[in-house]
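Each chain is listed here by its residues.
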Amino acid sequence: MLPAPAKGPSRRVSIASLVAFRILFGLTMLVSTVRFVARGWVDSLYLEPTYHFTYWGFSWVQPWPAFWMYMHFILLGVCALCICIGFYYRLAAAVFFLSFTYIELLDQATYLNHYYLVSLLSMLAIFLPLHANASLDAKRRPSLRRTHVPALYLWVIRGQVALVYLFAGAAKLQRDWLVEANPLAIWLKAHTGLAWVGAWLGRPEVARAMSVGGAVFDLAIVFLLLWRRTQIPALLALCGFHTITGLLFPIGVFPWLMTACALILLPPTWPQGLLERVGLWWSTTHPNTHASAPSRVCMLAFSVYATIQVALPLRHHLYPGDVAWTEEGGRFAWRVMLTEKVGDAVFRVHNPATGATWRVRPEAYLTPLQAKEMCVQPDMLLAFARFLGAREAMPVEVYVDAFVSLNGRPATRLVDPTVNLMKQHEAFAPKTWLLPAPH
Amino acid sequence: MNWLPRFAPLGLLAMTACAAEPELLDRGAVFAQLGDQVIVPPLQDFAERSQDLLNATEAFCGDINHQTLDAAQASWRATRKPWSLSRAAGFGPVEELGIESGIDFWPARRQNIENTLVLHDAITPETIDQLGVSAKGLPAIEYLLFAETFDTAAVLATFPPDPAGELRCAYLVALTRDIRDRAGNLLADWERDGGHLQAFKTAGDGSTIYPTHQDAVDILVNTIVAHLTYVVDNKLDKPLTTTGDPVELLESRFCDCAAADLRDNLAGLAALYSGGAANKPGLHTLVAFVSPALDQRVSAQIVAAQAAADAITGPLRLAIGNNDAAVQTLRDEVDALRRLFKTEVVSALGVTLVLSDNDGD
């Protein structure tokens, strides 16, 4: 007698879409790694800077010497390929996660939402049996093979992808985005020289329509892809949306990564026919039909993970002021392509013993990217002020004249210029030395 | 296809929104106006005036007297002016040829200039080629023509009718010839067939140097930001905050022309922004397309900075110390202009600040 069909997280679903996710994720990461090295970003982002904005608690993460940095990226590429073909998959996923996250922890100036997503997905991949079919591992070890896995595994990835879209959409539900159509209106006007469509991109109603459309897309796409009746138009919208944003904005592999990830929201069998036709070591035999259901520990771990992932993007509500201005709780929160911020910062170093005061432009110490990012990020301004102060032989006071233009508004002071930043410390508490956002 | 009717109204709405004739921004006209009427003319003037300067120094060395010295000094000032006007658009050939510091390394190091005369028995073009930048260029010529005393008789006394005076004259003429050649090369690189002027004017329309409009906008705005930063830091902050002699840190200090240089720098910037004349396309056209309010504020800030420069009526050498408040006001107004460009103009025009092309999201 067959056991009763499982329900909930233990319910069996086809592994096909998870396998497709593994292949596409690995492939995208391989391309991304090659592209990163080819563009010279290993040098310009990690080797050239003489100062790095490390994360709180991770100042021990420092770049390797040049040769080993390149070896590190080669290792990343190899691991991405191994994930793609499912070769020593779990080891590859673990090494990829650690290597990629190490790189991301080197400098806050290089933080990108989709890099954070890559870290999270690669971490999840370690624990999910994404190599249980259409992989070299499954081909070598038939005992690994599965055609179906507990639905929990599918929903862990789906949940992570859904959170990105939903929080990105929720963050757009504010006046600047919906009413002023900024920053899209600003960005689109830079593209009015394009053939055919350029002339339209400068029109305010186009920016407004695209802003509203972008918010609706982010909020709805998860449900539209999940709901069978809307899957085809949603798929077209997904491809169209990410293609357009990829063409218009310098966002690298983000559109392709998100397109690959969002496919996980389609029915789990969607790529099965393709996998069978192409081959790719796809196996329809299932030596271990009654594979164990997720353990309680596993369920608990994923529950804790999900709770953290929901709480992190909401933490900015614990801070006063607009997160777009203060950036407190702004990272790891899927606030994607949400603001146009440009800043300028000049530090004043004062030696109370001699009475001397001198100005320091951060560009003298930082790369253009670091300086650009620091000027609009209070925690980085604080870190750099303390770096400048620590360089002096005698105790000094460090102040900053930092001005930021947010979404086209006149540049306004971000930091109280009378506050000695050497007396301030990075902490999770609100930064009382920040000035209010302009209206 | 039962989803189609549900999306049809959205399509109709989009088509209605797009029915009107879109507003066009002729970026090509902006680049043409700036290239033809704003960027290249000071370089043409610089090339012509540097030939005049060579003629004037040769005339001076042929007959050393008050009149020929006055003429040579006036010619130096006339050469300096278009150079100062051109600095806000100091991109392209001046960087590619690597000649900027060879033309204008300052503050001039008088010891290096005098050492050149001590160490050489004759001055040839090869001698000039081998000199470091601190012993040549406009500041070195200025030192030889104006000395440090603001006294014509004292300058004439440095050119005695003996071999030392002849060597000094040969050095002066060789320096001016070097400037003439550099100015000529600079202009030629802009104007030649397929040169930088053509590349700039065809930005986004077949240009290999500026494949997109945005590339040309980026170089323009980045150069302006760099120029204003240089003016604030080097021309104003350093002499204002030094604990030593501020005069030593002034630009064109031998001819007492620092204030004039500043005014010309700002006038060059104003021309770039306005297009060089009323109702002409310029950088203001691009800014106003995105934000008319920002355009007004930039224009007003340029006027404020120029007014602050005009308020310093005498030499900057005297204003520092006697009228620090006026110099500080000038510094603050130019810095406010720099900040406006670096933040709001950069934001409005989608400029990539310097050459960082990392992804974003």
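Cut-offs applied
- Residues numbered from 1 in each chain as written.
- Chains lettered and ligands numbered in written order.
- Predicted model: local features only at pLDDT ≥ 70, side-chain atom pairs only at ≥ 80, totals over all residues.
- Heavy atoms only, no water.
- Helix = DSSP H or I, 4+ residues; strand = E, 2+ residues; numbered from the N terminus.
- Rg over C-alpha atoms; globule rule 2.2 N^0.38 Å.
- Buried < 20%, exposed > 50% of the residue type's maximum accessible area, 1.4 Å probe, protein only.
- Contact = heavy atoms within 4.5 Å.
- Areas by Shrake-Rupley, 256 points an atom, 1.4 Å probe, with all protein chains shown as cover.
- Axes fitted to C-alpha atoms, helices over the stretch in contact; angles between N-to-C directions.
- Parallel < 35°, antiparallel > 145°, perpendicular 65-115°, else oblique.
- Left-handed = near helix turned anticlockwise from the far one by under 90°.
- Nonpolar A, V, L, I, M, F, W, Y, C, P; charged D, E, K, R; others polar.
- Pairing = 2+ DSSP bridges.
- Disulfide = S-S within 2.5 Å.
- Domains from an automatic or database assignment.
- Buried area = accessible area lost by both parts, 1.4 Å probe.
- Salt bridge = Lys/Arg side-chain N within 4 Å of Asp/Glu carboxyl O.
- Polar contact = N/O pair within 3.5 Å; in protein donor to acceptor, adjacent residues only side chain to side chain.
- Expected span 1.5 Å × (residues − 1).
- Phe/Tyr/Trp six-rings, centres within 6.5 Å; stacked < 30°, edge-to-face > 60°.
- Lys NZ or Arg CZ within 6 Å of the ring centre and 35° of its normal.

Visitor: Even after reading the chapter, I still don't get the overall build of chain A, so can you show me in this structure?
Guide: A count of helical and extended segments in chain A gives 18 helices and six strands. By the compact-globule yardstick of 22 Å for 439 residues, chain A fits well, its C-alpha radius of gyration being 24 Å. Taken along its principal axes, the extent of the C-alpha atoms in chain A is 90 × 50 × 40 Å. Relative to its full complement of 439 residues, chain A shows a buried share of 55%. For chain A, the proportion of contacts with a sequence separation of at least 24, taken over those separated by at least 6, is 72%. Of the roughly 19,400 Å² of accessible surface on chain A, a fraction of 67% belongs to carbon and sulfur atoms.

Visitor: Before we go on, may I ask you to explain the packing of helix α2 (residues 27-62) of chain B against helix α12 (residues 213-241) of chain B in this structure?
Guide: Think of two packed helices as two axes; the pair is described by the angle between the axes and how far apart they sit. Residue and element names in this part refer to chain B. Here α2 crosses α12 at 40°, and the two axes come no closer than 11 Å. Taken together, the axis directions place α2 and α12 in an arrangement best described as oblique. The hand of the α2/α12 crossing is left-handed. In this structure, α2 contributes Arg27, Phe31 and Leu34 to the contact, and α12 contributes His213, Ala216, Val217 and Leu220. Taken together, the residues of the contact of α2 with α12 break down into five nonpolar, one polar and one charged.

Visitor: Any chance you could explain the sheet that holds strand β5 (residues 397-406) of chain A here in plain terms?
Guide: All names here are of chain A. Strand order in this open sheet of four strands is β4-β3-β5-β6, and the pairing throughout is antiparallel. Across the chains shown, the open sheet's two edge strands, defined by having one partner strand only, are β4 (357-360) and β6 (412-413). Of the strand pairs in this sheet, β5 and β6 are connected by two bridges, and their pairing is antiparallel. Bridging across to β6, valine 404 finds its partner in threonine 412. Across the sheet, helix α18 (residues 378-391) lies against β3 (341-350), β4 and β5, angled at about 25° from β3, the strand it touches most.

Visitor: Any chance you could explain unusual backbone geometry here in plain terms?
Guide: Where the residue is not glycine, phi is negative for most of them; where a peptide bond is considered, it is trans in most cases. Residue A:Pro183 is bonded to the preceding A:Asn182 through a cis peptide linkage, with omega at 15°. Tracing the backbone shows A:Pro183 in the loop between α8 (175-178) and α9 (184-189). In this structure, B:Pro107 follows B:Trp106 across a cis peptide bond, with omega equal to 0°. Here B:Pro107 shows up in the loop between α5 (100-104) and α6 (110-119). In this structure, B:Ala147 takes a positive phi of about 50° despite not being glycine. Tracing the chain through its elements places B:Ala147 in the loop between α8 (138-146) and α9 (152-157).

Visitor: Can you walk me through the state of the cysteines in this structure?
Guide: Joining two cysteines, a disulfide is a covalent bond between their sulfur atoms. Overall, the coordinates contain two disulfides over all chains when judged by the stated rule. In this model B:Cys255 forms its disulfide with B:Cys257; the gap between the sulfur atoms is 1.8 Å. Here B:Cys255 matches B:Cys257 in class, with each residue buried. Here the cysteine-cysteine linkages of chain B are recorded as 1-2, 3-4, numbering only bonded cysteines and doing so in sequence order. You can see A:Cys82 has no disulfide; the closest cysteine sulfur is in A:Cys79, sitting 6.2 Å from it.

Visitor: Can you walk me through the pairing of β3(A) in this structure?
Guide: Across a regular strand the side chains alternate sides, sitting on one face of the sheet and then on the other. All names here are of chain A. For β3, the tally of buried residues reaches eight of 10 residues, placing the bulk of the element in the interior. As paired strands, β3 and β5 are joined by 10 bridges and run antiparallel to one another. Across the sheet, histidine 350 pairs through a bridge with glutamate 397, a residue of β5. Between β3 and β4, which pair antiparallel in sequence order, lie six residues; one of them, glycine 355, sits at a positive phi of approximately 80°.

Visitor: Got a minute to help me understand the domain arrangement of chain B in this structure?
Guide: A common way to express how large an interface is: the accessible area buried when the components associate. Residue and element names in this part refer to chain B. Splitting chain B by domain gives domain 1 (27-196) and domain 2 (213-349). For domain 1 and domain 2, the distance between their C-alpha centres works out to 24 Å. Each partner contributes to the roughly 3,000 Å² buried at the junction of domain 1 and domain 2, and carbon and sulfur atoms together form 67% of this total. Our count for the domain 1 to domain 2 interface comes out at four salt bridges. In this structure, aspartate 261 and arginine 80 form a salt bridge, with 3.3 Å as the shortest nitrogen-oxygen distance. Here domain 1 and domain 2 share 13 residue pairs in polar contact (both at pLDDT 80 or more) between them.

Visitor: Sorry if this is basic, but what is going on with the pattern of salt bridges here?
Guide: In this structure the tally under the stated criterion is 40 salt bridges over all chains. A salt bridge links A:Asp344 to B:Arg338, with the nearest nitrogen and oxygen atoms 2.7 Å apart. Separated into two different chains, A:Asp344 in strand β3 and B:Arg338 in helix α17 (residues 324-349) make up a pair that spans both. On the basis of relative accessible area, A:Asp344 is assigned to the buried category, the value being 2%. With its nearest N and O atoms 3.1 Å apart, the salt bridge here joins B:Asp237 to A:Arg359. Taken together, the residues span two chains, with B:Asp237 in helix α12 and A:Arg359 in strand β4. Since its relative accessible area comes to 37%, A:Arg359 is described here as partly exposed.

Visitor: It is not clear to me how helix α7 (residues 151-171) of chain A should be interpreted in this structure. Could you clarify?
Guide: A turn of α-helix holds 3.6 residues, and therefore any two residues three or four places apart point the same way. In this model, α7(A) (21 residues) spans 29 Å end to end at C-alpha, consistent with the 30 Å of a helix rising 1.5 Å per residue. For α7(A), the tally of buried residues reaches 17 of 21 residues, placing the bulk of the element in the interior.

Visitor: How should I be thinking about the environment of B:Val231 in this particular structure?
Guide: Residue and element names in this part refer to chain B. Within the secondary structure layout, valine 231 lies in helix α12. The exposure class assigned to valine 231 is buried, which follows from its relative accessible area of 2%. In sequence terms valine 231 and lysine 136 are 95 residues apart; their C-alpha atoms lie 21 Å from each other. For valine 231, the residues in contact, after removing those within four places along its chain, are Leu236, Leu262, Asn265 and Val334.

Visitor: Can you help me understand the packing of aromatic side chains in this one?
Guide: Two numbers describe a pair of aromatic rings. These are the distance of the centres and the angle of the planes. Residue and element names in this part refer to chain B. The full count for this structure, using the stated rule, is 38 aromatic pairs over all chains. Centre to centre, the rings of phenylalanine 60 and phenylalanine 159 are 5.0 Å apart; their planes meet at 90°, and the pair counts as edge-to-face. Residue phenylalanine 60 is located in helix α2, and its partner phenylalanine 159 is located in the loop between α9 and α10 (163-191); the two are separated by 99 residues in the primary sequence. A ring pair is formed by phenylalanine 91 and phenylalanine 200, whose centres lie 5.6 Å apart and whose planes are at 45°; its orientation type is tilted. On the criterion of sequence distance, the pair formed by phenylalanine 91 in the loop between α3 (66-86) and α4 (93-96) and phenylalanine 200 in helix α11 (residues 196-201) is long-range, its members being 109 residues apart. When its relative accessible area of 0% is taken as the criterion, phenylalanine 200 is described as buried. Positioned over the ring face of phenylalanine 150 is arginine 317, at 4.3 Å from the centre of the ring.

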